[in-house]
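# What the coordinates show
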Amino acid sequence: MAPVFPLHNARHPHVAFDKELRARAMHNERVTFTENLREYCLNTTIHGLKYIGTVSLTLCERAYFFLTFLVVTACSVYFISKVYIKWQSSPIIIGLNPIATHIKNIPFPAVTICNMNQVRKEAAERIEEHTLEQTVLQSICSIDGDFNVTQYEGKWTAVKKLLLSATQPCSGMLKACRYAKQTEKCSEIFQSVFTDEGLCCTFNTLDTVYMFRNATAPNIFPEEVSSGSGRFRPILWTPEKGYEEQPSNSTYPRVIAGTGVTMGLAIVLDANVSDYFCSSTSSTGFKIIFHSPTETPKITDYAQYIPVGSENRVIITPKINDAADQIRKVAQTQRQCVFASEANLSYYSVYSRNNCELECEAKLILENCGCVLYYLPKLYEDTKICSRANARCYEQIRSSIAFTANTSLSCTCLPGCFEISYIPDVTTAELQVGKFGIRETLLDNVKDEQYARNNLALIYIFVKDTYYRSFTKGELVGFTDFLSNVGGLLGLFLGFSIISLIEVIYYMTLRPYCARRKQKRTNGKEHNVESNGLNAARNDLLWFGSKPPATMVQFLGRPNGHDYDANDYQLQSGRNTMVKEYAAKLKHLVHSRLQQANAWMRNTFRSRRNQLGRGFGQERTGTSYPFYD
């Protein structure tokens, strides 16, 4: 009888099982985009998304919350855009500084005074016809003439020489001076300066060392007339940084000594009307302007009149403009001011809008007319000075600059972020000398009543308040305010916070990256464990596997022996479940093959025993043979 081998499976089952386990493991470890998005919706702190990710809700309910989420997101984006536009378009606000500025920190205004007479009659009559001096005279007095008669050199030295010799000097115009109750020599506190009105006198201006960049450039302060120093020492003052050192009574620019008429500046002016040759106006008297010590004034356009035979009180109100340091990062076009570190002037050291406009005007006239007006900044001594022959050209340029609608020729000079200006309030009374006793000591030497009425003017310049508040440029909507507004809108519409942003970043970057790394490590470990598990299972089956049941050979007449039962093999504890299952499958397969072999051997021995019994002529009585036992 042929042995029968029962086959449970036609192919090897462990191959298909291995592929199935590997596919299941790969599916369990990989984080898909859909699963990641669903997990984010269920766990995020943003309101409404958990309903979208909940599978138990119907499609209609999830669509309702999805549309609602889109609507509130659009509303939040709309309002945030409004806040952003406001932040970008108007980032600056101007308000009063809550901390007032004491007058001890404010310089006294620079005072520039000009006689309306630009050329003295005595000097003009000495000038011969058809000479260079006559051409310069016509240019100063704006008199049209025949400029082809003589060659006009246009040298600054010639113009300066005539201005110094033909105009009234400061010593002739200033008769008496007093500052802060102390009588001063006018030549020590005033100095000559070239302006658009000719030669004028200025008080408390910045020294040339600190006002101009290039010491070799033509100076608007003629040193051969007056140095403006005497016993006073110059120090640096700028609107942004203030005084470089502590001011005193012997330094200038001088601080405001105090309030009231007695602590201000008092001066007596002499117009010398009988010596008038050409006047800048249709009357006699003086022009006066109050400006910052760092600026060169524009007398023609902005000065005030002081008539002769008058007593004038001028109350000065300082107007201080400063800026917060936070607006430095804002563009100039938005904050509309320039800091000192951003100044790009070539002639002046200290930036101001007035200084910038003077430089711009000089540059445009030089480019278009080939010359510069005598009072404008000049970088070189040999720069040509404009004459009346160039009047049509430079007057057209000046008109174009003044005409704000013109865009081809314009000077776009922004004001300084730190500036100071002085607003005057002038009251005038008729000056009476000789009719009665007066208390003003500056007029003690004036005895001629008629001369005083026709030539003299008395001016008092002072302040009346001890503290002044500045106008400060600050941030209207700073970054902190913008962030607060955006956070409030996002919290109102979406419940969004910084943690919500961190969650979005985590689910978009860190979580997929970590899942990918974990998957690679798991796949590597599975491959090693599978290889080791197969080897271990094979060794266990070879060396420690269950033995097949022993076949007892019995002869006739002998009882059967006890069968040997096989026990199931159990793997060691702590192994991977998958490896255990795989080893159990393999063990079951091997054990089934061993059982088949055991059955074949048992049948073989039984057949052989029957043959031996018949050979000895014995019946199957149960008697066993010791050899086979």
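Per chain, residue numbering runs from 1 following the sequence as it is written. Under the rules for a predicted model, residues below a pLDDT of 70 receive no local features and side-chain atom pairs below 80 are neither given nor counted, while totals for whole chains, interfaces and linings still include all residues. Working from all heavy atoms in the structure, the side-chain values ignore hydrogens and water.

This is how the line gets drawn: UniProt positions are given in the numbering used here, feature names are shortened, and annotations may be inferred rather than shown by experiment.
Going by what an unreviewed UniProt entry lists, the protein is known as Pickpocket and is assigned to Anopheles minimus. Turning to the protein, the UniProt record has this under Sequence similarities (unreviewed entry): "Belongs to the amiloride-sensitive sodium channel (TC 1.A.6) family." Turning to the protein, the UniProt record has this under Subcellular location (unreviewed entry): "Membrane".

### Remarks on the overall build of the protein
Put simply, the rule is: The helix and strand labels rest on DSSP assignments: H or I over at least four residues marks a helix, E over at least two residues marks a strand, and numbering proceeds from the N terminus. When a residue's accessible area, from a 1.4 Å probe over protein chains only, is under 20% of the maximum for its type it is buried; when over 50% it is exposed; and in between it is partly exposed.
The helix and strand inventory of the protein stands at 18 helices and 21 strands. Evaluated residue by residue, the protein yields a buried proportion of 42% over its 629 residues.

### Observations concerning the UniProt feature "transmembrane region" (unreviewed entry) in the protein
According to UniProt, the positions carrying the feature "transmembrane region" (unreviewed entry) are residues 489-510. Helix and strand shares over residues 489-510 are 82% and 0% respectively, and the end C-alpha atoms of the span are 28 Å apart.

### Quick look at unusual backbone geometry
What is expected of a backbone is that most residues other than glycine have negative phi and most peptide bonds are trans. Residue Y252 is joined to P253 through a cis peptide bond whose omega torsion reads 5°. Note on placement: P253 falls in the loop between β12 (251-252) and β13 (265-270). In this structure, A180 is a non-glycine residue whose phi angle is positive, near 55°. On the secondary structure map, A180 appears in the loop between β5 (174-179) and β6 (182-184). Unlike most non-glycine residues, N272 shows phi in positive territory, near 50°.

### Regarding the pattern of salt bridges
Rule in force here: Definition used for salt bridges: Asp or Glu carboxyl oxygen within 4 Å of a side-chain nitrogen of Lys or Arg.
Considering all chains together, one arrives at 14 salt bridges under this definition. As a salt-bridge pair, R178 and E440 come within 2.9 Å of each other at their nearest N and O atoms. Pair noted here: R178 is in strand β5 and E440 is in the loop between β18 (419-430) and α15 (449-455), with a separation of 262 residues, a long-range link. Accessibility classification places R178 together with E440 in one group, the buried group.

### A closer look at the state of the cysteines
Selection rule: Throughout, a disulfide means two cysteine sulfur atoms within 2.5 Å of one another.
In this structure the tally under the stated criterion is nine disulfides. Here C170 pairs with C201 through a disulfide, and the sulfurs are 1.9 Å apart. On the S-S bond that ties C170 to C201, the torsion sits near -115°, and the link is left-handed. In this pair, C170 is assigned in helix α8 (residues 170-173) and C201 in strand β8 (residues 198-203), connecting sequence segments 31 residues apart. Residue C170 is classed as buried on the basis of its relative accessible area, which comes to 10%. Here C369 is linked by a disulfide to C393, with a sulfur-sulfur distance of 1.8 Å.

### Thoughts on the nonpolar core
Threshold: What is meant by a nonpolar core is a set of buried Ala, Val, Leu, Ile, Met, Phe, Trp, Tyr and Cys residues, joined one to another through side-chain atoms within 4.5 Å. Should any heavy atoms of two residues lie within 4.5 Å, those residues are counted as being in contact.
V119, I365 and L376 are the most contacted members of the largest nonpolar core, which has 57 residues in total. Counting residues per element, the ones that place at least two in this core are α5 (121-126), α6 (132-140), α7 (156-166), β7 (190-195), β8, α13 (353-369) and α14 (391-402). With seven residues, α13 is the largest single contributor of residues to this core. With near-sequence residues (within four places) excluded, V119 lies in contact with A124, L137, I140, C141, A166, D275, Y276, F277 and C278. Residues L174, C177, V463 and Y468 belong to the second largest nonpolar core, which totals 42 residues.

### Quick word on the confidence of the model for the protein
Our working rule: Summary of the metric used: pLDDT quantifies the predictor's per-residue confidence within the range 0 to 100.
For the protein, mean pLDDT is 79; residues scoring 70 or higher make up 80% of the total. Considering only residues more than four positions removed or in separate chains, one finds that residues 543-574, a stretch of pLDDT under 50, has 63 contacts.

### Looking at the sheet that holds strand β16 (residues 304-307)
Going by this rule: Note on pairing: two strands pair once DSSP finds at least 2 bridges between them. To obtain each axis, a line is fitted to C-alpha atoms, and for helices this fit is confined to the stretch in contact; angles are then taken between N-to-C directions over 0 to 180 degrees.
One open sheet holds the five strands; their spatial order is β7-β8-β3-β15-β16, and the pairing between them is antiparallel. The sheet terminates laterally at β7 and β16, the two strands that pair on one side only. Taking each pair of neighbouring strands and ignoring which way they run, the sheet shows an average axis angle of 35°. As judged from the four bridges shared by strand β15 (residues 285-291) and β16, these two strands associate in the antiparallel manner. Bridging from a neighbouring strand, I288 pairs with Q304 of β16. Docked against the sheet, α7 engages β7 and β8, running at close to 130° with respect to β7.

### Comments concerning the environment of N355
The condition that has to hold: Side-chain atoms alone can form a polar contact between residues adjacent in sequence; in general such a contact is a pair of N or O atoms within 3.5 Å, and within protein one must be able to donate a hydrogen while the other accepts it.
By the secondary structure assignment, N355 is in helix α13. A C-alpha to C-alpha distance of 8.6 Å links N355 and T294, two positions 61 residues apart in sequence. In contact with N355, other than residues within four places in its own chain, are T294, E295, T296, L345, Y348 and V350. Here the side chain of N355 touches V350 through a polar contact of 3.2 Å, landing on its backbone oxygen.

### Describing the packing of α6 against α7
Rules: Working rule for angles: under 35 degrees goes down as roughly parallel, over 145 as roughly antiparallel, 65 to 115 as roughly perpendicular, anything else as oblique. Charged residues are taken to be Asp, Glu, Lys and Arg, nonpolar residues to be Ala, Val, Leu, Ile, Met, Phe, Trp, Tyr, Cys and Pro, and polar residues to be all remaining types, Gly included.
Close contact between α6 and α7 brings their axes to 10 Å; oriented N to C, the two are set at 75°. Here α6 lies roughly perpendicular to α7, going by the angle between them. Facing α6, whose interface residues are L132, E133, V136, L137 and I140, α7 presents A158, V159, L162 and L163. Of the residues in the contact of α6 with α7, the class split is eight nonpolar, no polar and one charged.

### Digging into the pairing of β13
β13 sits mainly inside the fold: six of its six residues count as buried. With five bridges joining them, β5 and β13 adopt antiparallel strand pairing. Pairing of A176 across the sheet is with V268, part of β13. As judged from the six bridges shared by β13 and strand β19 (residues 456-462), these two strands associate in the antiparallel manner. Bridged to D270 within β19 is L456.

### Observations regarding the side chain of D275
For D275, the position within the fold is in the loop between β13 and β14 (276-279). A polar contact of 3.1 Å, which involves the side chain of D275, links it to the backbone nitrogen of E122.

### Description of the packing of aromatic side chains
Each pair of aromatic rings is reported with the distance of its centres and the angle of its planes. Cut-off, in case you're wondering: Note on aromatic pairs: the rings of Phe, Tyr and Trp (six-membered ring only in Trp) are paired at centre separations within 6.5 Å, and the planes decide the class, stacked below 30 degrees, edge-to-face beyond 60, tilted for the rest. Consider the ring centre and the ring normal. A charge sits over the ring if Lys NZ or Arg CZ is within 6 Å of that centre and within 35 degrees of that normal.
With the rule as written, the count across this model stands at 15 aromatic pairs. Aromatic side chains F212 and Y347 sit 5.0 Å apart centroid to centroid with 55° between the ring planes, which places their arrangement in the tilted category. A residue pair is termed long-range when its members are at least 10 positions apart, and F212 in the loop between α10 (208-211) and β9 (233-234) and Y347 in the loop between α12 (332-335) and α13 qualify at 135 residues. By relative accessible area, which is 8% here, F212 ends up buried. By relative accessible area, which is 3% here, Y347 ends up buried. Ring plane angle 85° and centroid distance 5.0 Å describe the contact between Y347 and Y348, whose orientation is recorded as edge-to-face. For the residue pair Y347 and Y348, the accessibility class agrees, reading buried in each case. An aromatic cluster is present here, built from F108, Y179, F190 and F203 joined pairwise through their rings. When the ring centre of W156 is taken as origin, the NZ or CZ atom of K378, which lies over that ring, is 4.3 Å away.

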